[in-house]
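So the chains spell out like this:
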Amino acid sequence: YDQRGTGGAEPSLECPDRDEEAVKAFQSAEPPPTDRLAISEASLVCQARLAAAGIDFDDYDAAANAADLDDLRAALGYDRWTILGISYGSRLALESMRSFPDGLESVILDSVYDVTDGGLAVTIASGERAIALVDAQYPTFDDSLNAARELYNTAPWVGEVDIGDGKGPRQFTITGDDIVGGVFSALYDRSVIPAIPGIVQSLANGDDSIIPAMLQ
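Residues numbered from 1 in each chain as written. Predicted model: local features only at pLDDT ≥ 70, side-chain atom pairs only at ≥ 80, totals over all residues. Heavy atoms only, no water.

Chemist: Sorry, what's going on with helix α3 (residues 62-75) here?
Modeler: One full turn of an α-helix is made of 3.6 residues, so residues set three or four places apart face in the same direction. Helix length check: α3, at 14 residues, gives a terminal C-alpha distance of 20 Å against a target of 20 Å (1.5 Å per residue), a fit within 8%. Taken together, the buried positions of α3 are Ala62, Ala64, Asn65, Ala66, Leu69, Asp70 and Arg73. Check the buried side of α3 and you find it contacts β1 (81-87) and α4 (88-99). (Helix = DSSP H or I, 4+ residues; strand = E, 2+ residues; numbered from the N terminus. Expected span 1.5 Å × (residues − 1). Buried < 20%, exposed > 50% of the residue type's maximum accessible area, 1.4 Å probe, protein only. Contact = heavy atoms within 4.5 Å.)

Chemist: Can you walk me through the pattern of salt bridges in this structure?
Modeler: A side chain with one charge may pair with a side chain of the opposite charge, provided their charged atoms come close. Summed over all chains, the structure comprises 11 salt bridges. Notably, a salt bridge pairs Asp17 with Arg49, separated by 3.0 Å at the nearest N-O pair. Taken as a pair, Asp17 in helix α1 (residues 16-24) and Arg49 in helix α2 (residues 32-52) lie far apart in primary sequence, 32 residues in all. A relative accessible area of 25% places Asp17 in the partly exposed class. Of the charged contacts, one joins Glu95 and Arg98 as a salt bridge, the two residues approaching to 2.5 Å between their closest N and O atoms. Here Glu95 and its partner Arg98 are both found in helix α4, three residues apart, which amounts to about one turn of the helix. Overall, Arg98 belongs to the exposed group, its relative accessible area being 57%. (Salt bridge = Lys/Arg side-chain N within 4 Å of Asp/Glu carboxyl O.)

Chemist: Could you clarify how one ought to interpret the state of the cysteines in this entry?
Modeler: Linking two cysteines covalently via their sulfur atoms produces the bond known as a disulfide. In this structure the tally under the stated criterion is one disulfide. Here Cys15 is linked by a disulfide to Cys46, with a sulfur-sulfur distance of 1.8 Å. In this structure, the disulfide formed by Cys15 and Cys46 twists by about -75° around the S-S bond and is classed as left-handed. Taken together, the residues Cys15 in the segment before α1 and Cys46 in helix α2 connect sequence positions 31 residues apart. (Disulfide = S-S within 2.5 Å.)

Written as structure tokens, this is what we have:
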């Protein structure tokens, strides 16, 4: 099941120019608001290009995705099924419960992304909550993360890394804010979480050997 606009679904809503701006954010020491503005502007350019190609963005919301999911259920021959929703999938599951309850046997929700909320503020709050949970188990974690952030914001790491996008090694400039972003991404992987406090402590102590792997 490739959600509308993603994966192998056609038409594709991929925005390579926006993705390139996201890579550029790790190639300079600009502060996050500057990087975010550049990515937003690239997204608007992509949006205009897709709209000019005839894309109706009203066809790409949670309601449309839930309708597709129910059509998939029917096409597979199930009268009712159980769905598992994680992160955005939980929002999709909630929309399915609201719009297509007759096709549901049961629903499992994990890492709920409320249908009434969203945006950058929610992402920030989620990151702060996750960091607080790690800090509760490793009481020096938050202090180490702040120390690493200050250290690399003052003296960013600079080096060449091949991130596997087919463009070969490129030079990157990693700030403390970038490291915090990398830690936030790593918190999505349960198998990695136990190693994160030690990694952050090493970064705070000036050991930057992990940074190329974080970039990749």
